[in-house]
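Understanding the architecture of this molecule
So you can see what is in the structure, the chains are spelled out below.
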Amino acid sequence: MEFKVPTMAELMAMGEEPEILFWVGCAGSYDERAQKITRDICKILHHVGIKYAVLGTEESCTGDPAKRAGNEFLFQMQAMTNIEVLNGYNIKKIVTGCPHCFNTIKNEYPGLGGTYEVIHHTQLIQDLINEGKLKAEGGESFKGKKITFHDPCYLGRGNGVYEAPRKALEVLDAQLVEMKRCKSNGLCCGAGGAQMFKEPEKGAKDINIERIEEALETQPEVIAAGCPFCMTMLSDGVKLKDKDQEIKVLDIAEITARANGL
Amino acid sequence: MVAQIIFILITLAGVGLFSFNARKVIRNIKIGRPANRNDQPAKRFMTMLKVAFGQTKMAVRPIPFLLHLVVYLGFVIINLEVLEIMIDGIFGTHRVFAGLGGFYDFLIGSFEFLALGVWLACAIFLIRRNVLKLKRFSGVEMKSWPKSDANYILITEILLMSAFLLMNASDAKLQALKEGHYISAGAFPVSAYLQGLLPSSAASLIMTERVCWWFHIIGIFAFLNYLPYSKHFHILFAFPNTYFSNLEPKGEFTNMASVTNEVKAMLDPSFVPAETAPGKFGAKDVNDLSWINLMNAYTCTECGRCTSVCPANMTGKLLSPRKIMMDTRDRLEEVGKNIDKHGADHQDGKSLLDDYITREEIWACTSCNACTEACPINIDPLAIIVDLRRYAVMEESVAPGSINAMLGNVENNGAPWKYSPADRLNWAEQG
């Protein structure tokens, strides 16, 4: 990184408060592919001059996979510990790089004493585009490229966010194509509900293969994602179909960072 | 006079038997745990207007939407005709509303078109189910009773509409003959074409008219009493089911209050939890589910829109959200019968989980909410799946091995993977 990523602890030591907390999430912290997305989100925040910070080692899993696997105890332990940290730092606004963290903090934390304004990074990008702070200029041109967006369930159906990620793609002047199943009718990547952490039940095929086949029907050059789990499932699918040379799977944050030359 | 007495007795028996069975259904639903869905009455009312009355979620699939709309409007509007039949039956009158004149003609005429529409829609539905064999109507759970149930409903509706039209046709013929009390009333744009099929003697016409009249009304009472045994219950339950549907974001799962108390006590030893009755975590059987889940089960009309969009089901896995709802209803019916026979405390040693729904089914769910989005009347199979998982994980500690490993990692490392919390910021040092 060309700049230092500020942590809450550091800001607090300086007696400062950030405008927004960037909740990185476990995938964003540890998964090699997702780390790239994390860095690009920071580049965007840094570029537009938003005062932000991350929790760093003070962050812990939101508890989403535990809750969805049925372990409410573990979920609430995680949630309450995280809420204590967040409230301790007087956090008001949070941006996440993962729809699962987004959904959990936004919807499930308030009932346990943690109420924040929570947005997904595609919503932040949408706002920045609307404010004219991000322009899709000065970097890689996506003009005329065929791009299809895969709706993450926990962003789309789970919380009704369909427009924000599409807005980020519209400014690219690219050729946007929708898959047969998109928006509220979108098809899961196969990783949600704690499926990410287990082998799928036996069946005719894996869900990410079904999804990739549908994506391939649109003959895309780029498959756009907005979730680190979707990223893993879609990338695996593209590799299995031997298309990883021609088709890139990129997160909306990565596309935005590239288009702006960050 | 005898006819009136018979009519009144049939009506009382029909309505009485229905209320007896409906009360049982409501008692069964009340086996469920409490859930508060009385907030935001205005929003709830609007949801019911839109989704149940307005049929908005049906419109996603245009062909069944149009066919269903005809049957739905037919059902709602032809009830005016049933009202007339009721009054005629009780007071021994004939076409009591005929005094409305031109408006009556308009009403009867439009009922005839609707009756024809319903007849045709049901015929097309039968063809879709039995000849075209649409994938949505098959599946492991759609054998035997569920399969014949659908056909019985459609055939009954066709018979009822046929009786209505034949009744009108013979009535019109009798009107032309100026026979007895058959006053000249009504317009018969559809049944006019059936007149040729009917005998010409007044006696046989009166016979046909009466048989159809009695068949029609007895059929309606029979159908009413068929509802509690059938998926067709949705014509009544769709309304409360949408009113009490989940208004929160689909991604939001409930925070179990019983767990909150325990977790607070663990994190803060000075916290004294409110005294709560001991209970299970999650659901093993229907009485562990909420009354909303159980009402959902009675409301399900087995259309299969949930299953056809389920990513697990479409890739050949065992999970079918429709089966989750049907299993829940079947088990609840069984529990209800046990209560009738052996009293409220009887245990039959069976449970929803394992005896009806297998572990393989619940673990195949990605919680993507495609099923809840697709349901035309806001049924939530995912809520049941999550409660079954909660039982498996919190009461039994039985989950797929890799899920246990993930849970262990979250507990020990604060991440679902086995990485050190100290490495959480490593990404900021690279790239």
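Just above sits the structure.
Our subject in this report is the structure included herewith. All of these numbers come straight from a predicted model, not from anything done at the bench. (Residues numbered from 1 in each chain as written. Chains lettered and ligands numbered in written order. Predicted model: local features only at pLDDT ≥ 70, side-chain atom pairs only at ≥ 80, totals over all residues. Heavy atoms only, no water.)

1. Digging into the overall build of chain B
For the record, the criterion: To qualify as a helix, a DSSP run of H or I must reach at least 4 residues; to qualify as a strand, a run of E must reach at least 2; elements of each kind are numbered from the N terminus. Each residue is placed in one exposure class: buried if its accessible area under a 1.4 Å probe, protein chains only, is under 20% of its type's maximum, exposed if it is over 50%, and partly exposed if it falls in between. The contact rule is simple, with two residues in contact once any of their heavy atoms fall within 4.5 Å. With residues, only the protein chains shown are counted as cover, and all accessible areas are computed by Shrake-Rupley using a 1.4 Å probe. None of His or the chain ends enter the tally, which takes Lys and Arg as positive and Asp and Glu as negative. Where a charge lies is defined by one atom per residue type, namely NZ (Lys), CZ (Arg), CG (Asp) and CD (Glu).
On a plain count of helices and strands, chain B comes out with 17 helices and zero strands. The buried share among the 431 residues of chain B stands at 52%. For chain B, the share of sequence-separated contacts (at least 6 apart) that also reach a separation of at least 24 residues comes to 77%. Looking at chain B as shown, the accessible area adds up to about 19800 Å², and 66% of this sits on carbon and sulfur atoms. Once the 41 positive and 39 negative side-chain charges of chain B are each reduced to a mean point, those two points are 4 Å apart.

2. Things to note about the overall build of chain A
The cut-off we apply is this: Radius of gyration here uses only the C-alpha atoms, and the compact-globule reference equals 2.2 Å multiplied by the residue count raised to the power 0.38.
Counting its regular elements, chain A contains 11 helices and eight strands. A globule of 262 residues ought to have a C-alpha radius of gyration of about 18 Å, and chain A, at 18 Å, matches this closely. With respect to the principal axes defined by its C-alpha atoms, chain A has extents near 50 × 45 × 30 Å. Looking at the 262 residues of chain A, the share that counts as buried comes to 66%.

3. Some words on the interface of chain B and chain A
Short version of the rule: Each of two parts loses accessible area, computed with a 1.4 Å probe, when they are put together; buried area is these two losses added. A pair is scored as a salt bridge if a Lys or Arg side-chain nitrogen falls within 4 Å of a carboxyl oxygen belonging to Asp or Glu. Here a polar contact is recorded for every N or O atom pair within 3.5 Å, except that within protein the pair must consist of a potential hydrogen donor and a potential acceptor, and residues adjacent in sequence are included only if both atoms are side-chain atoms. Here the term charged refers only to Asp, Glu, Lys and Arg, the term nonpolar to Ala, Val, Leu, Ile, Met, Phe, Trp, Tyr, Cys and Pro, and the term polar to all other amino acids, Gly among them.
Counting residues at the interface gives 59 residues for chain B and 70 residues for chain A. Roughly 5500 Å² is buried in total at the junction of chain B and chain A, and carbon and sulfur atoms are behind 65% of that figure. When the buried surface of chain B facing chain A is broken down by residue, Trp417, Arg424 and Trp427 of chain B rank first, second and third, together holding 15% of it. Seen at the junction of chain B and chain A, the total is three salt bridges. Salt-bridge contacts for Arg424 of chain B lead to Glu59 of chain A; the nearest nitrogen and oxygen are separated by 3.0 Å. Between chain B and chain A we count 31 residue pairs in polar contact (both at pLDDT 80 or more) in total. Counting only elements with at least two residues in the side of chain B that touches chain A, the list comes to helix 8 (257-267), helix 11 (311-314), helix 14 (359-363), helix 15 (370-374), helix 16 (381-395) and helix 17 (401-413) of chain B. For the side of chain B that touches chain A, the element with the highest residue contribution is helix 8 of chain B, accounting for seven residues. Among the residues making up the side of chain B that touches chain A, the classes are represented as 33 nonpolar, 14 polar and 12 charged.

4. Examining helix 7 (residues 234-243) of chain B
The α-helix advances 3.6 residues per turn, and as a result positions three or four apart in sequence lie on the same side. Residues and elements named next belong to chain B. The line we're drawing: What the arc describes is the spread of directions from the helix axis to the C-beta atoms.
Within the sequence span of helix 7, burial applies to His234, Ile235, Phe237, Ala238, Asn241 and Thr242. For helix 7, the buried positions fall inside an angular range of 155° around the axis, keeping them on one side. Next to the buried residues of helix 7 lie helix 1 (2-29), helix 2 (41-53), helix 3 (62-91) and helix 9 (291-299).

5. As for the sheet that holds strand 4 (residues 117-120) of chain A
All names here are of chain A. Formally: In this analysis, strands are considered paired if DSSP registers two or more bridges between them. Orientation is described by axes fitted as lines to C-alpha atoms, over the contacting stretch for helices, and by angles from 0 to 180 degrees between their N-to-C directions.
Spatially, four strands are ordered 2-1-3-4 in an open sheet, and the strand pairing comes out parallel. Either end of the sheet is taken by a strand with one partner, and the two such strands are strand 2 (52-54) and strand 4. Mean inter-strand twist for the sheet, computed between neighbouring axes without regard to direction, equals 30°. Where strand 1 (residues 20-23) meets strand 2, three bridges bridge the pair, whose relative direction is parallel. By the bridge assignment, Phe22 is partnered in strand 2 with Val54. Sitting on the sheet, helix 7 (residues 121-130) touches strand 3 (93-96) and strand 4, and the angle it makes with strand 4 is about 85°.

6. Considering unusual backbone geometry
Its identity as a non-glycine residue notwithstanding, Ala194 of chain A has a phi of 70°, on the positive side. Looking at the secondary structure, you find Ala194 of chain A in the loop between strand 6 (175-177) and helix 9 (207-217). Located in the positive-phi region is Gln40 of chain B, a residue other than glycine, with phi close to 45°. Tracing the sequence through the fold places Gln40 of chain B in the loop between helix 1 and helix 2. Looking at Gln40 of chain B, the relative accessible area reads 33%, which means it is partly exposed.

7. A short note on the environment of Leu176 of chain A
All names here are of chain A. If you trace the backbone, Leu176 turns up in strand 6. Leu176 gets classed as partly exposed once you look at its relative accessible area, which sits at 35%. Spatially, the C-alpha atom of Leu176 lies 41 Å from that of Tyr89, the residues being 87 residues apart in sequence. Sequence-distant contacts of Leu176, that is, excluding residues within four places in its chain, are made with Ile147, Arg166, Leu169 and Glu170.

8. Topic: the pattern of salt bridges
All names here are of chain A. Tallying each qualifying case throughout the model produces 41 salt bridges over all chains. For Arg68, the salt bridge is made with Asp64, and the minimal N-O distance between the two is 2.6 Å. Here the residue Arg68 and the residue Asp64 both occupy positions in helix 4 (residues 64-68), the gap between them amounting to four residues, near one helical turn. Sharing partners across several salt bridges, the network here consists of Arg181, Lys205, Glu210, Arg211, Glu213, Glu214 and Lys241.

9. Observations concerning helix 9 of chain A
Within helix 9 of chain A, nine of the 11 residues are buried, which leaves the element mostly enclosed by the surrounding structure. Summarising the contacts, the buried residues of helix 9 of chain A are in contact with strand 7 (222-225) and helix 10 (228-240) of chain A together with helix 11 of chain B. Following helix 9 of chain A by one or two positions, Gln219 of chain A has its phi on the positive side, about 50°.

10. Description of the pairing of strand 3 of chain A
Residue and element names in this part refer to chain A. This is how it is decided: By convention a crossover is right-handed if, when the strands point away from the viewer, the path from the first strand over the helix to the second runs clockwise.
Here strand 1 pairs with strand 3 via three bridges, running parallel. Residue pairing for strand 3: Phe22 is matched across the bridge by Val95. Taken together, the four bridges between strand 3 and strand 4 define a ladder with parallel strand orientation. What sits directly across from Thr96, in strand 4, is His120. Handedness of the strand 3-helix 6 (residues 99-108)-strand 4 crossover: right-handed.

11. Looking at a nonpolar patch on the surface
Residue and element names in this part refer to chain B. Note the cut-off: Like charges within 9 Å and nonpolar side chains (Val, Leu, Ile, Met, Phe, Trp, Tyr) within 5 Å are joined into patches, using only residues over 30% in relative accessible area that form no salt bridge.
Among the surface-exposed residues, Met1, Ile5, Ile8, Leu9, Leu12, Ile90 and Phe91 lie close enough to one another that they form a single nonpolar patch of about 730 Å² accessible area. Contributions of two or more residues to the nonpolar patch are made by helix 1 and helix 3. The biggest single contributor to the nonpolar patch is helix 1, with four residues. Within the element layout of this structure, Ile8 appears in helix 1. Look at Ile8 and you get partly exposed, because its relative accessible area is 33%.

12. Section: the sheet that holds strand 5 (residues 146-149) of chain A
Either a parallel or an antiparallel arrangement is found when strands of a sheet pair, and the pairing is made through backbone hydrogen bonds. Residues and elements named next belong to chain A. Taken in spatial order, the four strands line up as 6-5-7-8 in an open sheet, and their pairing is parallel. Here the strands that pair on one side only, and so sit at the sheet edges, are strand 6 and strand 8 (248-251). Strand-to-strand twist of the sheet, defined as the mean angle between neighbouring strand axes without regard to direction, takes the value 30°. Contacts from helix 10 reach strand 7 and strand 8 within the one sheet, and its direction differs from that of strand 8 by about 170°.

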